[in-house]
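# A closer look at the structure
In case you want the letters, here they are:
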Amino acid sequence: MKKDHLPAGHASRTEKPTNLIARRTFLERTATFLVTAGIAAGGLARAKAAEKYDKVDVAWQNSPKDGQSCANCRFWDGVGGCEIVAGEFAPDDWCAVWVEA
Ligand code: SF4
(Lines give C-alpha, C1' and ligand atoms only; values in the text may rest on other atoms or scores of the structure.)
Protein backbone atom coordinates (compact mmCIF):
# COMPACT_ATOMS: atom_id res chain seq x y z
CA MET A 1 0.00 0.00 0.00
CA LYS A 2 1.33 3.46 -0.97
CA LYS A 3 1.76 6.00 1.86
CA ASP A 4 0.67 9.61 1.64
CA HIS A 5 3.69 11.95 1.80
CA LEU A 6 1.77 15.12 2.65
CA PRO A 7 2.81 17.24 5.68
CA ALA A 8 0.72 17.03 8.83
CA GLY A 9 -2.48 19.06 8.56
CA HIS A 10 -2.80 18.69 4.82
CA ALA A 11 -5.68 16.78 3.44
CA SER A 12 -4.85 13.41 2.11
CA ARG A 13 -5.90 12.39 -1.34
CA THR A 14 -8.37 10.01 0.23
CA GLU A 15 -10.14 12.68 2.34
CA LYS A 16 -13.64 13.41 1.13
CA PRO A 17 -14.34 16.90 -0.27
CA THR A 18 -17.19 17.41 2.21
CA ASN A 19 -14.73 16.93 5.10
CA LEU A 20 -12.46 19.57 3.59
CA ILE A 21 -15.32 22.04 3.28
CA ALA A 22 -16.48 21.31 6.84
CA ARG A 23 -12.95 21.80 8.21
CA ARG A 24 -12.49 25.05 6.29
CA THR A 25 -15.86 26.36 7.44
CA PHE A 26 -15.02 25.42 11.05
CA LEU A 27 -11.67 27.22 10.90
CA GLU A 28 -13.20 30.32 9.30
CA ARG A 29 -15.98 30.47 11.89
CA THR A 30 -13.55 29.93 14.75
CA ALA A 31 -11.33 32.76 13.51
CA THR A 32 -14.35 35.04 13.11
CA PHE A 33 -15.54 34.18 16.63
CA LEU A 34 -12.12 34.89 18.17
CA VAL A 35 -11.82 38.25 16.43
CA THR A 36 -15.37 39.21 17.40
CA ALA A 37 -14.83 38.13 21.02
CA GLY A 38 -11.62 40.19 21.19
CA ILE A 39 -13.37 43.29 19.89
CA ALA A 40 -16.27 42.78 22.30
CA ALA A 41 -13.92 42.38 25.27
CA GLY A 42 -12.04 45.56 24.35
CA GLY A 43 -15.29 47.46 23.95
CA LEU A 44 -16.55 46.23 27.30
CA ALA A 45 -13.38 47.37 29.06
CA ARG A 46 -13.68 50.82 27.48
CA ALA A 47 -17.37 51.00 28.34
CA LYS A 48 -16.65 50.12 31.99
CA ALA A 49 -14.04 52.87 32.23
CA ALA A 50 -16.39 55.35 30.58
CA GLU A 51 -19.23 54.54 32.98
CA LYS A 52 -17.46 56.14 35.94
CA TYR A 53 -18.50 59.57 37.14
CA ASP A 54 -16.13 62.50 36.91
CA LYS A 55 -15.15 64.14 40.19
CA VAL A 56 -16.81 67.41 39.19
CA ASP A 57 -20.15 65.64 38.66
CA VAL A 58 -20.25 64.20 42.19
CA ALA A 59 -19.21 67.28 44.18
CA TRP A 60 -15.91 65.64 45.14
CA GLN A 61 -13.93 67.34 47.88
CA ASN A 62 -10.61 66.52 49.54
CA SER A 63 -12.03 66.43 53.05
CA PRO A 64 -14.61 64.28 54.86
CA LYS A 65 -18.21 65.41 55.26
CA ASP A 66 -20.28 64.64 58.36
CA GLY A 67 -18.17 61.60 59.15
CA GLN A 68 -18.38 60.30 55.60
CA SER A 69 -15.22 59.71 53.55
CA CYS A 70 -13.79 57.38 50.95
CA ALA A 71 -12.31 55.28 53.76
CA ASN A 72 -15.77 54.28 54.98
CA CYS A 73 -17.51 54.18 51.59
CA ARG A 74 -18.56 50.92 49.99
CA PHE A 75 -17.04 51.97 46.64
CA TRP A 76 -13.54 52.57 48.05
CA ASP A 77 -10.98 50.00 46.90
CA GLY A 78 -8.71 50.64 49.87
CA VAL A 79 -5.70 51.75 47.83
CA GLY A 80 -6.75 55.02 46.19
CA GLY A 81 -9.37 53.99 43.67
CA CYS A 82 -13.13 54.10 43.50
CA GLU A 83 -15.46 51.71 41.73
CA ILE A 84 -17.77 54.43 40.41
CA VAL A 85 -15.79 57.70 40.28
CA ALA A 86 -12.77 58.10 38.00
CA GLY A 87 -9.45 59.19 39.44
CA GLU A 88 -7.27 58.80 42.48
CA PHE A 89 -8.59 59.33 46.01
CA ALA A 90 -7.26 59.75 49.52
CA PRO A 91 -9.02 58.04 52.44
CA ASP A 92 -10.26 61.45 53.70
CA ASP A 93 -11.83 62.50 50.38
CA TRP A 94 -15.59 62.56 49.97
CA CYS A 95 -18.17 62.87 47.23
CA ALA A 96 -21.95 63.11 46.90
CA VAL A 97 -22.47 59.46 45.90
CA TRP A 98 -20.91 58.14 49.12
CA VAL A 99 -22.61 54.98 50.46
CA GLU A 100 -21.85 53.48 53.86
CA ALA A 101 -19.53 50.48 53.68
S1 SF4 B 1 -16.84 58.81 48.63
FE2 SF4 B 1 -17.14 58.99 46.43
S3 SF4 B 1 -15.07 58.98 45.56
FE4 SF4 B 1 -14.91 58.21 47.64
S5 SF4 B 1 -15.03 56.00 47.42
FE6 SF4 B 1 -17.12 56.74 47.83
S7 SF4 B 1 -18.04 57.03 45.82
FE8 SF4 B 1 -15.83 56.88 45.52
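Data block above holds the structure.
Residues numbered from 1 in each chain as written. Predicted model: local features only at pLDDT ≥ 70, side-chain atom pairs only at ≥ 80, totals over all residues.

### Some words on the overall build of the protein chain
Summing up its helical and strand segments, the protein chain has 1 helix and 0 strands in all. In the protein chain, buried positions account for 11% of the 101 residues. (Helix = DSSP H or I, 4+ residues; strand = E, 2+ residues; numbered from the N terminus. Buried ≥ 20, exposed ≤ 12 C-beta atoms within 10 Å, placed from the backbone.)

### Quick look at the nonpolar core
Grouped together as the largest cluster of nonpolar side chains are 9 residues: Cys-70, Cys-73, Trp-76, Cys-82, Val-85, Phe-89, Trp-94, Cys-95 and Trp-98. Aside from chain neighbours lying at most four places away, what touches Phe-89 is Cys-70, Gly-80, Gly-81 and Cys-82. (Core = buried A, V, L, I, M, F, W, Y, C linked by C-beta atoms within 7 Å. Contact = placed C-beta atoms within 7 Å.)

### Remarks on the site of the ligand
For the ligand, the set of nearby residues contains 13 residues, the closest of which are Cys-70, Cys-73, Cys-82, Cys-95 and Trp-98. The class makeup of the residues in the shell around the ligand is 12 nonpolar, no polar and 1 charged. (Near = placed C-beta within 6 Å. Nonpolar A, V, L, I, M, F, W, Y, C, P; charged D, E, K, R; others polar.)

### Topic: the environment of Cys-95
Along the chain, Cys-95 turns up in the segment after α1 (17–50). Classification of Cys-95 by C-beta neighbours within 10 Å gives buried; the count is 22. Separated by 33 residues in sequence, Cys-95 and Asn-62 have C-alpha atoms that sit 8.7 Å apart. The contacts of Cys-95, once residues within four sequence positions are left out, are Lys-55, Val-58, Ala-59, Trp-60 and Val-85.

### Here we look at the environment of Gly-67
Position of Gly-67 among the secondary structure elements: in the segment after α1. For Gly-67 and Asp-92, which are 25 residues apart along the polypeptide, the C-alpha to C-alpha distance reads 9.6 Å.

### Focus on unusual backbone geometry
In this model, Ala-59 sits at a positive phi of 55°, which is unusual for a non-glycine residue. Among the secondary structure elements, Ala-59 is positioned in the segment after α1. Since 11 C-beta atoms lie within 10 Å of it, Ala-59 is described here as exposed. At Asp-66, a position not held by glycine, the phi torsion is positive, near 50°. Judged by local crowding, Asp-66 falls into the exposed class, with 7 C-beta atoms found within 10 Å.

### Some remarks on the environment of Val-97
Positionally, Val-97 belongs in the segment after α1. The contact partners of Val-97, leaving out residues within four places of it in the chain, are Tyr-53, Val-58, Ile-84 and Val-85.

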